[in-house]
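Read off the chains here:
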Amino acid sequence: MTTRAATLPHSRLRPGGGTPIVGTVTRGTTNPNRLRRMDRWIAATHGAELRRAAEPVAVDLGYGAAPWTAVELLGRLRTVAPGAHVVGVEIEPARVAAAKPYERDGLRFRHGGFEVPVPRRPHLIRAANVLRQYDEAEVAEVWTRLCARLAPADGGSRGGLLVEGTCDEIGRRHVWVALGPEGPRTVTFATRLGSLHRPSDLAERLPKALIHRNVPGEPVHAFLRDFDRAWAAAAPYASYGARQRWIRAVRDLTADWPVTDSAARWRQGEVTVAWRALAPRR
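Here the structure is a predicted model, which is why all the values come from computation and not from measurement.

Draft legend 1. Representation of the overall build of the chain. Within the chain one finds nine helices and 10 strands. Relative to the globule expectation of 19 Å for 282 residues, the C-alpha radius of gyration of the chain, 19 Å, shows essentially globular dimensions. Each principal axis of the C-alpha distribution contributes one length, and for the chain these read about 65 × 40 × 40 Å. Within the chain, the fraction of its 282 residues that count as buried is 58%. Long-range contacts, defined as pairs at least 24 residues apart, comprise 66% of the intrachain contacts of the chain with a sequence gap of at least 6. Accessible surface, the chain: about 12000 Å² in total, of which carbon and sulfur atoms supply 51%.

Below is the structure:
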């Protein structure tokens, strides 16, 4: 991804006037199928909210040098919400121009940054590998800015969803935070189980809000320590496969940590924990 948080002198005038573009260009590396774990989680957990909207809009914020992740997001969302539309947003004009030939029904590309230049409030903003290169102190403001752009909650809806996280280059290991209009909700750890030595291997993919907090005395460090212990205790289940070992370890974690999902997601190599349990100590 390629935007940088606003505050500071990180905005520029949009050509032709209008709302300033918030951000600055950084790396735009990407790979096909890199965000599959995040996309599948979104489809499974946020699909009902997307279906409630007449024309749900999802934003792939900072899709990078190639449009693969936006194209894939549209396909995965339409399996659960056939009316979904995806807008890929990039701050580098040349990347937007290169993506334009891939536009089709339900898929558009726009020049912009953290101001999220779409006419309607989106029901989903996915910002994968966006804040990795940013300062930890900038994260809270970026989250606040993006959450303010989400579709609001109403009577039967919790509102839009911001999913912000980090993964490795081929998407085997991924950690993300899910936020609603009210702020952070959960943290999800997802991995290809066959490649995992121990759960704390995921520490290197913690999002910017948590990666510098993986030190003694911080909740996320305690969680990964307990996860490793549960994984070690579940070693006898390895004879049934890594999936059964993971499920057993997560089940043991639920005794002390507010795990919010069920075995249906654990089987996918995931576990989701309430944000309040892992939030950095001030």
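Draft legend 2. Highlighting the pairing of strand 9 (residues 183-191). Of all the nine residues making up strand 9, eight are buried; the element is thus mostly covered by neighbouring parts of the structure. In this structure, the hairpin formed by strand 8 (residues 173-180) and strand 9 is closed by a connection of two residues.

Draft legend 3. Looking closely at the side chain of D228. Here D228 is to be found in helix 6 (residues 219-233). Despite its burial, D228 remains without a salt bridge, the nearest opposite charge being carried by R198 at 4.3 Å. Every residue in contact with D228, bar those within four places of it in the chain, is listed here: R198, P199 and S200.

Draft legend 4. Quick look at the side chain of S195. Following the sequence through the fold, S195 ends up in the loop between strand 9 and helix 5 (208-211). Looking at S195, its side chain comes within polar contact range of the main-chain oxygen of R192, at 2.8 Å. Beyond its immediate stretch of four places on either side in the chain, S195 contacts R172 and R173.

Draft legend 5. Up close: unusual backbone geometry. The phi torsion at N33 lies on the positive side, around 65 degrees, for a residue other than glycine. With respect to the helices and strands, N33 occurs in the loop between strand 2 (21-22) and helix 1 (36-52). A positive phi angle, close to 55 degrees, is found at V116, a residue other than glycine. Checked against the element boundaries, V116 lands in the loop between strand 5 (107-111) and strand 6 (124-128).

Draft legend 6. Region of interest: helix 4 (residues 136-149). Among all positions in helix 4, only E138, V139, V142, W143, L146, C147 and R149 are buried. Within helix 4, the buried residues cover an arc of 160 degrees as seen down the axis, which keeps them to one side. Of the residues in helix 4, the exposed ones pointing more than 90 degrees away from the buried face are A137 and T144.

Draft legend 7. Highlighting the sheet that holds strand 7 (residues 161-167). What the eight strands build is an open sheet, ordered 5-4-3-6-7-8-9-10; its pairing is mixed. Looking at strand neighbours, the two that pair on one side only are strand 5 and strand 10 (270-274), the edges of this open sheet. Between one strand axis and the next, the sheet turns through 20 degrees on average, direction left out of account. As paired elements, strand 8 and strand 9 share eight bridges and run antiparallel to each other. Pairing of V177 across the sheet is with V187, part of strand 9. The strands touched by helix 1 within the sheet are strand 6, strand 7, strand 8, strand 9 and strand 10, with strand 7 carrying the most contacts at an inclination of about 155 degrees.

Rules of the game
- Residues numbered from 1 in each chain as written.
- Predicted model: local features only at pLDDT ≥ 70, side-chain atom pairs only at ≥ 80, totals over all residues.
- Heavy atoms only, no water.
- Helix = DSSP H or I, 4+ residues; strand = E, 2+ residues; numbered from the N terminus.
- Rg over C-alpha atoms; globule rule 2.2 N^0.38 Å.
- Buried < 20%, exposed > 50% of the residue type's maximum accessible area, 1.4 Å probe, protein only.
- Contact = heavy atoms within 4.5 Å.
- Areas by Shrake-Rupley, 256 points an atom, 1.4 Å probe, with all protein chains shown as cover.
- Pairing = 2+ DSSP bridges.
- Lys, Arg positive; Asp, Glu negative; His and termini not counted.
- Salt bridge = Lys/Arg side-chain N within 4 Å of Asp/Glu carboxyl O.
- Polar contact = N/O pair within 3.5 Å; in protein donor to acceptor, adjacent residues only side chain to side chain.
- Arc of directions from axis to C-beta.
- Axes fitted to C-alpha atoms, helices over the stretch in contact; angles between N-to-C directions.

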